[in-house]
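Descriptive structure summary
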Amino acid sequence: HDLSLMYGGGMVVEVDLERAYALNEQACQTRWLPACSDQGRMLAAGQGTALDPLRGVKLVLDTCLDGYAKACIVVGELAQQHGATKEAERLFGLGCEAGLYKACLGKSQILYSDYRVLEAAMALEVSCEKGDARGCVEAGALILGTDMPALRPYDAEAHTLLHKGCELGDARGCQMLA
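Below is a summary of the structure that appears in this document.

1. Let's talk about the packing of helix α8 (residues 117-129) against helix α10 (residues 155-167)
At a closest axis distance of 11 Å, the pairing of α8 and α10 adopts a crossing angle of 35 degrees. Here α8 and α10 pass one another in a crossing that is left-handed. Touching Glu-125, Cys-128 and Glu-129 of α8 are Glu-157, Leu-161 and Lys-164, all from α10. Class assignment for the residues of the contact of α8 with α10 results in 2 nonpolar, no polar and 4 charged.

2. As for the packing of helix α4 (residues 53-65) against helix α6 (residues 85-97)
Here α4 crosses α6 at 45 degrees, and the two axes come no closer than 10 Å. The angle between the axes of α4 and α6 places the two elements in the oblique class. Where α4 approaches α6, its residues Leu-61, Cys-64 and Leu-65 are matched on the opposing element by Arg-90, Leu-91 and Leu-94.

3. Details of the state of the cysteines
Inspection of every chain in the model, using the stated rule, returns 5 disulfides. One disulfide in the model links Cys-128 with Cys-136; its S-S distance is 2.1 Å. Judged by the torsion about the S-S bond (90 degrees), the Cys-128/Cys-136 disulfide is right-handed. Each member of the pair, Cys-128 together with Cys-136, is buried. For the protein, the bonded cysteines pair up as 1-2, 3-4, 5-6, 7-8, 9-10 when numbered in the order they occur along the sequence.

Parameters at a glance
Residues numbered from 1 in each chain as written. Predicted model: local features only at pLDDT ≥ 70, side-chain atom pairs only at ≥ 80, totals over all residues. Heavy atoms only, no water. Axes fitted to C-alpha atoms, helices over the stretch in contact; angles between N-to-C directions. Helix = DSSP H or I, 4+ residues; strand = E, 2+ residues; numbered from the N terminus. Left-handed = near helix turned anticlockwise from the far one by under 90°. Contact = heavy atoms within 4.5 Å. Nonpolar A, V, L, I, M, F, W, Y, C, P; charged D, E, K, R; others polar. Parallel < 35°, antiparallel > 145°, perpendicular 65-115°, else oblique. Disulfide = S-S within 2.5 Å. Buried < 20%, exposed > 50% of the residue type's maximum accessible area, 1.4 Å probe, protein only.

Here you go:
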């Protein structure tokens, strides 16, 4: 799989998408999930192989459902782009459970756009609990920055999240506490 990344990105070797696809396909046959996800993305885009978006998206989705959280972000974004908001929320949620900030952010944005602000903050808090300072700061800022009386009981928790984000190295959390 590392070789496929080198051929696909032109690192050290000349770009060869066909070779990158073949290496991903070979690694995926051994159930190396990152390779399966990359193979699916390449199939869906027709990179290094014939264009086959249905098979590609299915491979990335299966990889997500098999537990490769980064693949959940890819299919979550695809679902969102095609207006399948509930499915995108579910897929981002699977990636978020693994603590991936980008997945938690995707889920949070969907929840926020549906006026489910506290749930949006809680989604970001998952990545915070896994040690991502951005999730801490974004969750705290979301609660404090929303002018909803129903959220005021959560202000102390928001400050705790900002403090944790600051401790984890996100300067925005420190600035918001000052």
